[in-house]
Amino acid sequence: MNSVTDIWENVLRQLRGTLSETTISTWFDELTIVDIRGNTCFLHCPNEFKKGYIESLFLPNIKAALHDIFSTDFEVQLLDNSGFQEFQGSAPQKKTDRFTSAEFTFETFVVGPSNKLAHAASMAVAEHPAQNYNPLLIYGDSGLGKTHLLNAIANVIRRNDPMAKIVYVKGDDFINEFIGLIRSNRGMEFRAKYREADLLLVDDVQFVAGKDQVQDEFFHTFNTLYESGRQIVLTSDRPPSEMTLLDDRLRTRFEWGLLTDVKPPDFETRVAIVKNKAAILGMELPDKIAVMIAQKVTANVRQLEGTVNKVLAYKDLLGNETDEETVARAMQDILKSNNEFIPTPESILSYVSRYYHVDEAVVKGQQRSRDAVTARQIAMYLIRSMTSLSQENIGRLFDNRDHSTVVYSIQQVEKKMKKNPVFAETVKELKTNINSRY
(Lines give C-alpha, C1' and ligand atoms only; values in the text may rest on other atoms or scores of the structure.)
Protein backbone atom coordinates (compact mmCIF):
# COMPACT_ATOMS: atom_id res chain seq x y z
CA MET A 1 0.00 0.00 0.00
CA ASN A 2 1.30 3.40 -0.97
CA SER A 3 -0.13 5.57 1.80
CA VAL A 4 -2.22 5.65 4.95
CA THR A 5 -5.10 6.76 2.74
CA ASP A 6 -4.81 3.51 0.78
CA ILE A 7 -4.83 1.62 4.07
CA TRP A 8 -7.99 3.40 5.22
CA GLU A 9 -9.72 2.64 1.90
CA ASN A 10 -8.83 -1.00 2.45
CA VAL A 11 -10.22 -0.82 6.00
CA LEU A 12 -13.50 0.57 4.68
CA ARG A 13 -13.71 -2.24 2.15
CA GLN A 14 -13.24 -4.73 4.99
CA LEU A 15 -15.90 -3.00 7.10
CA ARG A 16 -18.42 -3.20 4.28
CA GLY A 17 -18.26 -6.95 4.69
CA THR A 18 -19.64 -6.71 8.24
CA LEU A 19 -21.49 -3.37 8.37
CA SER A 20 -24.26 -2.05 6.14
CA GLU A 21 -23.63 0.75 3.66
CA THR A 22 -26.08 2.88 5.66
CA THR A 23 -23.98 2.41 8.80
CA ILE A 24 -20.80 3.29 6.90
CA SER A 25 -22.28 6.42 5.32
CA THR A 26 -23.95 7.57 8.55
CA TRP A 27 -21.14 7.10 11.07
CA PHE A 28 -17.88 7.01 9.07
CA ASP A 29 -18.47 9.90 6.65
CA GLU A 30 -16.46 12.39 8.76
CA LEU A 31 -13.80 9.92 9.87
CA THR A 32 -10.35 10.24 8.27
CA ILE A 33 -7.06 8.50 8.87
CA VAL A 34 -4.21 10.66 10.24
CA ASP A 35 -1.30 8.27 10.54
CA ILE A 36 -0.13 4.83 11.62
CA ARG A 37 2.68 4.83 14.15
CA GLY A 38 3.91 1.49 15.33
CA ASN A 39 0.84 -0.61 15.97
CA THR A 40 -1.48 2.33 16.57
CA CYS A 41 -3.81 3.77 13.97
CA PHE A 42 -4.74 7.42 14.57
CA LEU A 43 -8.09 8.61 13.18
CA HIS A 44 -9.65 12.09 13.23
CA CYS A 45 -13.37 12.71 13.76
CA PRO A 46 -14.44 16.39 14.09
CA ASN A 47 -17.98 15.43 15.12
CA GLU A 48 -17.99 14.77 18.88
CA PHE A 49 -21.23 12.79 18.78
CA LYS A 50 -20.06 10.49 16.00
CA LYS A 51 -16.65 10.11 17.66
CA GLY A 52 -18.28 8.87 20.86
CA TYR A 53 -20.59 6.54 18.98
CA ILE A 54 -17.74 5.02 16.97
CA GLU A 55 -15.66 4.55 20.12
CA SER A 56 -18.51 2.78 21.89
CA LEU A 57 -19.66 0.55 19.02
CA PHE A 58 -17.26 0.23 16.10
CA LEU A 59 -13.68 0.17 17.42
CA PRO A 60 -13.64 -3.67 17.47
CA ASN A 61 -14.68 -3.70 13.80
CA ILE A 62 -11.89 -1.28 12.84
CA LYS A 63 -9.30 -3.25 14.82
CA ALA A 64 -10.45 -6.50 13.21
CA ALA A 65 -10.14 -4.96 9.73
CA LEU A 66 -6.61 -3.78 10.49
CA HIS A 67 -5.72 -7.22 11.81
CA ASP A 68 -7.00 -8.81 8.59
CA ILE A 69 -4.84 -6.45 6.53
CA PHE A 70 -1.60 -6.66 8.55
CA SER A 71 -2.02 -9.99 10.39
CA THR A 72 -1.17 -8.32 13.69
CA ASP A 73 -3.09 -6.58 16.48
CA PHE A 74 -3.63 -2.82 16.28
CA GLU A 75 -4.77 -0.16 18.70
CA VAL A 76 -7.03 2.59 17.36
CA GLN A 77 -7.06 6.13 18.75
CA LEU A 78 -9.73 8.64 17.73
CA LEU A 79 -8.74 12.31 17.83
CA ASP A 80 -11.11 15.26 18.17
CA ASN A 81 -10.18 18.63 16.67
CA SER A 82 -7.93 19.72 19.54
CA GLY A 83 -6.30 16.29 19.71
CA PHE A 84 -5.70 16.38 15.97
CA GLN A 85 -4.03 19.80 16.22
CA GLU A 86 -1.84 18.58 19.05
CA PHE A 87 -0.96 15.45 17.09
CA GLN A 88 0.07 17.59 14.14
CA GLY A 89 2.34 19.61 16.41
CA SER A 90 0.42 22.87 16.05
CA ALA A 91 -0.86 25.02 18.87
CA PRO A 92 -4.61 24.85 19.37
CA GLN A 93 -6.38 27.71 17.64
CA LYS A 94 -9.06 29.57 19.46
CA LYS A 95 -12.52 28.77 18.15
CA THR A 96 -11.38 27.43 14.80
CA ASP A 97 -14.33 25.86 12.98
CA ARG A 98 -16.13 25.51 9.68
CA PHE A 99 -17.56 29.01 10.01
CA THR A 100 -14.21 30.74 9.58
CA SER A 101 -14.01 29.49 5.99
CA ALA A 102 -13.62 32.22 3.41
CA GLU A 103 -15.58 30.23 0.83
CA PHE A 104 -19.13 30.62 2.14
CA THR A 105 -19.40 34.28 3.09
CA PHE A 106 -21.64 37.17 2.11
CA GLU A 107 -18.76 38.48 0.00
CA THR A 108 -18.75 35.34 -2.16
CA PHE A 109 -22.55 35.13 -2.44
CA VAL A 110 -23.81 36.46 -5.77
CA VAL A 111 -26.98 38.51 -5.24
CA GLY A 112 -29.74 38.72 -7.85
CA PRO A 113 -33.51 39.24 -8.03
CA SER A 114 -34.11 35.59 -7.10
CA ASN A 115 -32.36 35.79 -3.71
CA LYS A 116 -32.17 39.48 -2.83
CA LEU A 117 -34.59 39.37 0.12
CA ALA A 118 -33.06 36.18 1.56
CA HIS A 119 -29.60 37.76 1.33
CA ALA A 120 -30.72 41.01 2.99
CA ALA A 121 -32.54 39.18 5.78
CA SER A 122 -29.53 36.95 6.40
CA MET A 123 -27.23 39.95 6.68
CA ALA A 124 -29.64 41.62 9.13
CA VAL A 125 -29.72 38.48 11.29
CA ALA A 126 -25.94 38.16 11.18
CA GLU A 127 -25.34 41.72 12.34
CA HIS A 128 -28.11 41.77 14.96
CA PRO A 129 -28.93 38.19 15.99
CA ALA A 130 -32.29 37.58 17.70
CA GLN A 131 -33.28 41.23 17.23
CA ASN A 132 -34.81 41.37 13.77
CA TYR A 133 -36.08 38.07 12.41
CA ASN A 134 -36.26 35.11 14.73
CA PRO A 135 -36.58 32.53 13.42
CA LEU A 136 -35.41 33.18 9.89
CA LEU A 137 -36.57 30.43 7.53
CA ILE A 138 -35.19 30.33 3.99
CA TYR A 139 -36.91 27.91 1.64
CA GLY A 140 -36.42 26.81 -1.96
CA ASP A 141 -35.17 23.98 -4.13
CA SER A 142 -31.82 22.31 -3.66
CA GLY A 143 -28.65 24.02 -4.81
CA LEU A 144 -29.85 27.64 -4.72
CA GLY A 145 -27.61 28.95 -1.94
CA LYS A 146 -29.53 28.28 1.27
CA THR A 147 -26.60 26.51 2.95
CA HIS A 148 -24.23 29.24 1.73
CA LEU A 149 -26.36 31.83 3.54
CA LEU A 150 -26.41 29.74 6.73
CA ASN A 151 -22.63 29.62 6.72
CA ALA A 152 -22.35 33.32 5.89
CA ILE A 153 -24.52 34.21 8.89
CA ALA A 154 -22.36 32.04 11.16
CA ASN A 155 -19.20 33.54 9.65
CA VAL A 156 -20.23 37.07 10.65
CA ILE A 157 -21.41 36.06 14.10
CA ARG A 158 -18.18 34.17 14.75
CA ARG A 159 -16.17 37.22 13.64
CA ASN A 160 -18.17 39.55 15.89
CA ASP A 161 -18.19 37.16 18.84
CA PRO A 162 -15.40 34.54 18.75
CA MET A 163 -16.83 32.85 21.85
CA ALA A 164 -20.36 32.40 20.45
CA LYS A 165 -21.61 28.82 20.60
CA ILE A 166 -22.77 28.00 17.07
CA VAL A 167 -24.47 24.71 16.31
CA TYR A 168 -25.12 23.59 12.73
CA VAL A 169 -27.00 20.42 11.91
CA LYS A 170 -28.83 18.87 8.99
CA GLY A 171 -32.39 17.80 9.70
CA ASP A 172 -31.71 14.11 9.10
CA ASP A 173 -28.57 14.21 11.28
CA PHE A 174 -30.64 15.80 14.07
CA ILE A 175 -32.99 12.81 13.87
CA ASN A 176 -30.22 10.21 13.90
CA GLU A 177 -28.37 11.94 16.71
CA PHE A 178 -31.55 12.16 18.78
CA ILE A 179 -32.34 8.47 18.28
CA GLY A 180 -28.76 7.40 19.02
CA LEU A 181 -28.42 9.38 22.25
CA ILE A 182 -31.90 8.54 23.55
CA ARG A 183 -31.24 4.85 23.02
CA SER A 184 -27.99 5.14 24.94
CA ASN A 185 -29.65 7.13 27.76
CA ARG A 186 -27.70 10.29 26.90
CA GLY A 187 -30.68 12.56 26.34
CA MET A 188 -29.31 15.26 28.65
CA GLU A 189 -26.15 15.48 26.55
CA PHE A 190 -28.25 15.92 23.41
CA ARG A 191 -30.41 18.65 24.98
CA ALA A 192 -27.41 20.50 26.38
CA LYS A 193 -25.78 20.64 22.96
CA TYR A 194 -28.74 22.28 21.25
CA ARG A 195 -30.43 24.23 24.02
CA GLU A 196 -27.26 26.02 25.07
CA ALA A 197 -26.47 27.30 21.56
CA ASP A 198 -26.23 31.03 20.86
CA LEU A 199 -27.01 30.36 17.21
CA LEU A 200 -28.83 27.27 15.95
CA LEU A 201 -28.63 26.55 12.22
CA VAL A 202 -30.79 23.72 10.88
CA ASP A 203 -30.41 22.79 7.22
CA ASP A 204 -33.33 20.92 5.59
CA VAL A 205 -35.59 21.17 8.61
CA GLN A 206 -38.37 19.44 6.63
CA PHE A 207 -36.78 16.14 7.63
CA VAL A 208 -38.25 16.39 11.14
CA ALA A 209 -41.84 16.48 9.85
CA GLY A 210 -43.90 13.39 10.60
CA LYS A 211 -41.62 12.07 13.34
CA ASP A 212 -43.50 12.67 16.59
CA GLN A 213 -40.76 12.26 19.18
CA VAL A 214 -38.26 14.25 17.13
CA GLN A 215 -40.79 17.05 16.56
CA ASP A 216 -41.55 17.18 20.27
CA GLU A 217 -37.85 17.47 21.09
CA PHE A 218 -37.35 20.14 18.44
CA PHE A 219 -40.38 22.06 19.75
CA HIS A 220 -38.90 22.29 23.25
CA THR A 221 -35.45 23.15 21.89
CA PHE A 222 -36.98 25.90 19.77
CA ASN A 223 -38.89 27.33 22.74
CA THR A 224 -35.83 27.28 25.00
CA LEU A 225 -33.69 29.17 22.49
CA TYR A 226 -36.39 31.61 21.44
CA GLU A 227 -37.40 32.53 24.98
CA SER A 228 -33.77 33.06 26.00
CA GLY A 229 -33.11 35.40 23.08
CA ARG A 230 -30.95 33.13 20.93
CA GLN A 231 -31.11 33.19 17.12
CA ILE A 232 -32.58 30.32 15.08
CA VAL A 233 -32.08 30.03 11.32
CA LEU A 234 -33.73 27.27 9.31
CA THR A 235 -33.75 26.15 5.70
CA SER A 236 -36.22 23.87 3.96
CA ASP A 237 -37.31 22.81 0.52
CA ARG A 238 -40.80 24.32 0.98
CA PRO A 239 -42.67 26.77 3.23
CA PRO A 240 -44.15 25.44 6.50
CA SER A 241 -47.67 25.68 5.09
CA GLU A 242 -46.79 22.93 2.59
CA MET A 243 -45.24 20.58 5.18
CA THR A 244 -48.42 18.61 5.73
CA LEU A 245 -46.82 16.23 8.23
CA LEU A 246 -45.37 19.05 10.35
CA ASP A 247 -46.77 19.44 13.85
CA ASP A 248 -49.03 22.51 14.05
CA ARG A 249 -47.08 23.84 17.04
CA LEU A 250 -43.87 23.83 15.01
CA ARG A 251 -45.54 25.25 11.92
CA THR A 252 -46.75 28.21 13.97
CA ARG A 253 -43.29 28.83 15.41
CA PHE A 254 -41.57 28.53 12.06
CA GLU A 255 -43.84 31.32 10.84
CA TRP A 256 -43.19 33.62 13.83
CA GLY A 257 -40.23 35.35 12.27
CA LEU A 258 -39.54 35.85 8.57
CA LEU A 259 -40.12 33.42 5.71
CA THR A 260 -38.20 34.15 2.55
CA ASP A 261 -37.61 32.06 -0.54
CA VAL A 262 -34.77 31.62 -3.00
CA LYS A 263 -35.55 30.87 -6.64
CA PRO A 264 -33.41 29.70 -9.55
CA PRO A 265 -31.13 32.56 -10.66
CA ASP A 266 -31.91 34.50 -13.83
CA PHE A 267 -29.51 34.55 -16.77
CA GLU A 268 -27.52 37.62 -15.67
CA THR A 269 -27.11 36.23 -12.16
CA ARG A 270 -26.00 32.86 -13.54
CA VAL A 271 -23.29 34.53 -15.62
CA ALA A 272 -22.12 36.43 -12.53
CA ILE A 273 -22.06 33.21 -10.48
CA VAL A 274 -19.97 31.42 -13.10
CA LYS A 275 -17.43 34.24 -13.37
CA ASN A 276 -17.30 34.64 -9.58
CA LYS A 277 -16.65 30.92 -9.04
CA ALA A 278 -13.96 30.93 -11.72
CA ALA A 279 -12.26 33.93 -10.08
CA ILE A 280 -12.31 32.18 -6.68
CA LEU A 281 -10.59 29.19 -8.31
CA GLY A 282 -8.01 31.49 -9.89
CA MET A 283 -9.25 30.91 -13.43
CA GLU A 284 -9.96 33.64 -15.98
CA LEU A 285 -13.01 32.45 -17.89
CA PRO A 286 -13.73 34.03 -21.31
CA ASP A 287 -17.09 35.81 -21.48
CA LYS A 288 -18.40 33.55 -24.23
CA ILE A 289 -17.66 30.48 -22.10
CA ALA A 290 -19.39 31.98 -19.04
CA VAL A 291 -22.40 32.80 -21.21
CA MET A 292 -22.44 29.30 -22.67
CA ILE A 293 -22.52 27.72 -19.21
CA ALA A 294 -25.20 30.15 -17.99
CA GLN A 295 -27.39 29.41 -21.02
CA LYS A 296 -27.21 25.64 -20.63
CA VAL A 297 -27.17 25.20 -16.85
CA THR A 298 -30.32 26.75 -15.42
CA ALA A 299 -31.45 24.55 -12.53
CA ASN A 300 -29.32 25.70 -9.63
CA VAL A 301 -26.13 27.31 -8.35
CA ARG A 302 -24.55 24.01 -7.35
CA GLN A 303 -24.61 22.77 -10.93
CA LEU A 304 -23.14 26.03 -12.21
CA GLU A 305 -20.27 25.80 -9.75
CA GLY A 306 -19.85 22.08 -10.43
CA THR A 307 -19.47 22.80 -14.13
CA VAL A 308 -16.79 25.42 -13.46
CA ASN A 309 -14.96 22.98 -11.16
CA LYS A 310 -15.07 20.36 -13.91
CA VAL A 311 -13.74 22.77 -16.52
CA LEU A 312 -10.84 23.66 -14.22
CA ALA A 313 -10.13 19.97 -13.62
CA TYR A 314 -9.95 19.30 -17.35
CA LYS A 315 -7.62 22.28 -17.73
CA ASP A 316 -5.29 21.43 -14.82
CA LEU A 317 -5.26 17.65 -14.98
CA LEU A 318 -5.63 16.97 -18.69
CA GLY A 319 -4.21 20.18 -20.17
CA ASN A 320 -7.42 20.87 -22.08
CA GLU A 321 -8.10 24.35 -23.38
CA THR A 322 -10.97 26.26 -21.83
CA ASP A 323 -13.04 26.10 -25.00
CA GLU A 324 -16.59 25.22 -25.98
CA GLU A 325 -15.76 21.53 -26.44
CA THR A 326 -14.34 21.26 -22.93
CA VAL A 327 -17.34 23.06 -21.44
CA ALA A 328 -19.78 20.83 -23.33
CA ARG A 329 -17.99 17.76 -21.97
CA ALA A 330 -18.04 19.15 -18.42
CA MET A 331 -21.76 19.87 -18.62
CA GLN A 332 -22.46 16.42 -20.03
CA ASP A 333 -20.76 14.88 -17.01
CA ILE A 334 -22.69 17.06 -14.57
CA LEU A 335 -26.17 17.14 -16.03
CA LYS A 336 -28.81 14.93 -17.49
CA SER A 337 -31.42 16.23 -19.91
CA ASN A 338 -33.61 17.94 -17.33
CA ASN A 339 -30.71 19.58 -15.51
CA GLU A 340 -30.90 17.53 -12.35
CA PHE A 341 -28.28 15.51 -10.56
CA ILE A 342 -28.83 11.79 -10.96
CA PRO A 343 -29.55 9.86 -7.78
CA THR A 344 -28.36 6.28 -8.07
CA PRO A 345 -30.54 3.26 -7.23
CA GLU A 346 -28.13 2.49 -4.38
CA SER A 347 -28.45 6.01 -2.94
CA ILE A 348 -32.26 5.82 -3.08
CA LEU A 349 -32.25 2.44 -1.35
CA SER A 350 -29.82 3.74 1.27
CA TYR A 351 -31.91 6.82 2.02
CA VAL A 352 -35.25 4.96 2.23
CA SER A 353 -33.68 2.36 4.54
CA ARG A 354 -32.32 5.11 6.73
CA TYR A 355 -35.65 6.96 6.76
CA TYR A 356 -37.51 3.87 7.99
CA HIS A 357 -34.65 2.75 10.28
CA VAL A 358 -34.51 -0.64 8.56
CA ASP A 359 -31.18 -2.16 7.57
CA GLU A 360 -30.55 -2.19 3.82
CA ALA A 361 -30.03 -5.94 3.83
CA VAL A 362 -33.50 -6.35 5.36
CA VAL A 363 -35.11 -4.04 2.79
CA LYS A 364 -33.45 -5.98 -0.04
CA GLY A 365 -34.23 -9.35 1.57
CA GLN A 366 -37.31 -11.44 2.26
CA GLN A 367 -38.41 -10.20 5.70
CA ARG A 368 -42.15 -9.41 5.80
CA SER A 369 -42.40 -7.02 8.75
CA ARG A 370 -44.56 -3.98 7.99
CA ASP A 371 -41.70 -1.47 8.01
CA ALA A 372 -39.55 -3.70 5.82
CA VAL A 373 -42.33 -4.21 3.25
CA THR A 374 -43.23 -0.51 3.20
CA ALA A 375 -39.60 0.56 2.78
CA ARG A 376 -39.05 -2.10 0.11
CA GLN A 377 -42.08 -1.12 -1.98
CA ILE A 378 -41.37 2.60 -1.73
CA ALA A 379 -37.72 2.08 -2.64
CA MET A 380 -38.76 0.11 -5.73
CA TYR A 381 -41.27 2.80 -6.68
CA LEU A 382 -38.76 5.63 -6.29
CA ILE A 383 -35.98 3.80 -8.12
CA ARG A 384 -38.35 3.16 -11.02
CA SER A 385 -39.58 6.78 -11.13
CA MET A 386 -36.25 8.54 -10.47
CA THR A 387 -33.77 6.45 -12.47
CA SER A 388 -33.61 4.67 -15.81
CA LEU A 389 -33.27 1.25 -14.18
CA SER A 390 -35.62 -1.35 -15.71
CA GLN A 391 -38.05 -3.35 -13.62
CA GLU A 392 -35.98 -6.48 -14.27
CA ASN A 393 -32.83 -4.81 -12.96
CA ILE A 394 -34.69 -3.40 -9.96
CA GLY A 395 -35.70 -6.98 -9.14
CA ARG A 396 -32.06 -8.05 -9.29
CA LEU A 397 -31.14 -5.28 -6.84
CA PHE A 398 -33.73 -6.62 -4.39
CA ASP A 399 -32.44 -10.15 -3.82
CA ASN A 400 -33.11 -11.22 -7.42
CA ARG A 401 -36.86 -10.76 -7.21
CA ASP A 402 -39.08 -11.51 -10.16
CA HIS A 403 -40.17 -8.71 -12.51
CA SER A 404 -43.82 -9.23 -11.50
CA THR A 405 -42.97 -8.59 -7.84
CA VAL A 406 -41.52 -5.20 -8.74
CA VAL A 407 -44.61 -4.33 -10.81
CA TYR A 408 -46.88 -5.34 -7.90
CA SER A 409 -44.88 -3.24 -5.40
CA ILE A 410 -45.03 -0.15 -7.62
CA GLN A 411 -48.77 -0.60 -8.12
CA GLN A 412 -49.31 -0.95 -4.37
CA VAL A 413 -47.51 2.34 -3.70
CA GLU A 414 -49.48 4.13 -6.42
CA LYS A 415 -52.82 2.82 -5.07
CA LYS A 416 -51.99 3.81 -1.51
CA MET A 417 -50.88 7.29 -2.60
CA LYS A 418 -54.29 7.85 -4.21
CA LYS A 419 -56.20 6.69 -1.13
CA ASN A 420 -53.99 8.08 1.66
CA PRO A 421 -52.88 11.76 1.48
CA VAL A 422 -50.48 11.33 4.40
CA PHE A 423 -48.77 8.40 2.71
CA ALA A 424 -48.62 10.36 -0.55
CA GLU A 425 -46.96 13.25 1.27
CA THR A 426 -44.41 10.88 2.79
CA VAL A 427 -43.44 9.55 -0.64
CA LYS A 428 -43.26 13.12 -1.96
CA GLU A 429 -41.05 14.10 0.98
CA LEU A 430 -38.74 11.15 0.36
CA LYS A 431 -38.39 12.04 -3.32
CA THR A 432 -37.73 15.71 -2.56
CA ASN A 433 -35.16 14.94 0.09
CA ILE A 434 -33.31 12.44 -2.10
CA ASN A 435 -33.12 15.02 -4.88
CA SER A 436 -31.93 17.66 -2.42
CA ARG A 437 -28.87 15.59 -1.59
CA TYR A 438 -27.57 15.57 -5.19
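Quick note: structure is the one above.
Residues numbered from 1 in each chain as written. Predicted model: local features only at pLDDT ≥ 70, side-chain atom pairs only at ≥ 80, totals over all residues. Heavy atoms only, no water.

## Thoughts on the environment of L150
Locating L150 in the fold gives a position in helix α7 (residues 146-160). Classification of L150 as buried rests on a relative accessible area of 0%. In this structure, the C-alpha to C-alpha distance between L150 and L200, residues 50 residues apart in sequence, is 9.8 Å. Setting aside residues no more than four positions away along its own chain, L150 makes contact with Y168, L201, V202, D203, V233 and T235. (Helix = DSSP H or I, 4+ residues; strand = E, 2+ residues; numbered from the N terminus. Buried < 20%, exposed > 50% of the residue type's maximum accessible area, 1.4 Å probe, protein only. Contact = heavy atoms within 4.5 Å.)

## Regarding the pattern of salt bridges
In total, this model carries 20 salt bridges according to the counting rule given. Here K63 ties to E75 by a salt bridge, and the two come within 3.6 Å at their closest N and O atoms. A residue pair is termed long-range when its members are at least 10 positions apart, and K63 in helix α4 (residues 59-70) and E75 in strand β3 (residues 75-79) qualify at twelve residues. With a relative accessible area of 47%, E75 lands in the partly exposed category. Among the salt bridges present, the one from D173 reaches R354, with a minimum N-O distance of 3.2 Å. (Salt bridge = Lys/Arg side-chain N within 4 Å of Asp/Glu carboxyl O.)

## Some remarks on the sheet that holds strand β8 (residues 258-261)
Spatially, five strands are ordered β5-β6-β7-β4-β8 in an open sheet, and the strand pairing comes out parallel. Of all strands in the sheet, those bounded by a partner on one side alone are β5 (166-170) and β8. Each strand of the sheet is rotated relative to its neighbour by a mean of 15°, with strand direction disregarded. Alignment of β5 against strand β6 (residues 199-203), held across five bridges, turns out to be parallel. Following the sheet pairing, K170 is matched in β6 by D203. Taken strand by strand, α7 contacts β4 (136-139), β5, β6 and β7 (231-236), and its axis lies near 165° from that of β6. Strands β6 and β7 of the sheet are contacted by helix α10 (residues 212-227), whose axis makes an angle of about 140° with β7. (Pairing = 2+ DSSP bridges. Axes fitted to C-alpha atoms, helices over the stretch in contact; angles between N-to-C directions.)

## Comments concerning the environment of L117
With respect to the helices and strands, L117 occurs in helix α6 (residues 116-127). Counting along the chain gives 21 residues from L117 to I138, while the straight-line C-alpha distance between them is 9.8 Å.

## What about α4?
The α-helix winds at 3.6 residues per turn, so residues separated by three or four positions along the chain end up facing the same way. For α4, with twelve residues, the first-to-last C-alpha span of 16 Å sits near the 16 Å given by 1.5 Å per residue. Listed in full, the buried residues belonging to α4 are L59, I62, A65, L66 and I69. The buried residues of α4 all sit within an arc of 125° when viewed along its axis, so they share a single face. Phi turns positive one or two residues past the end of α4, at S71, with a value near 60°. (Expected span 1.5 Å × (residues − 1). Arc of directions from axis to C-beta.)

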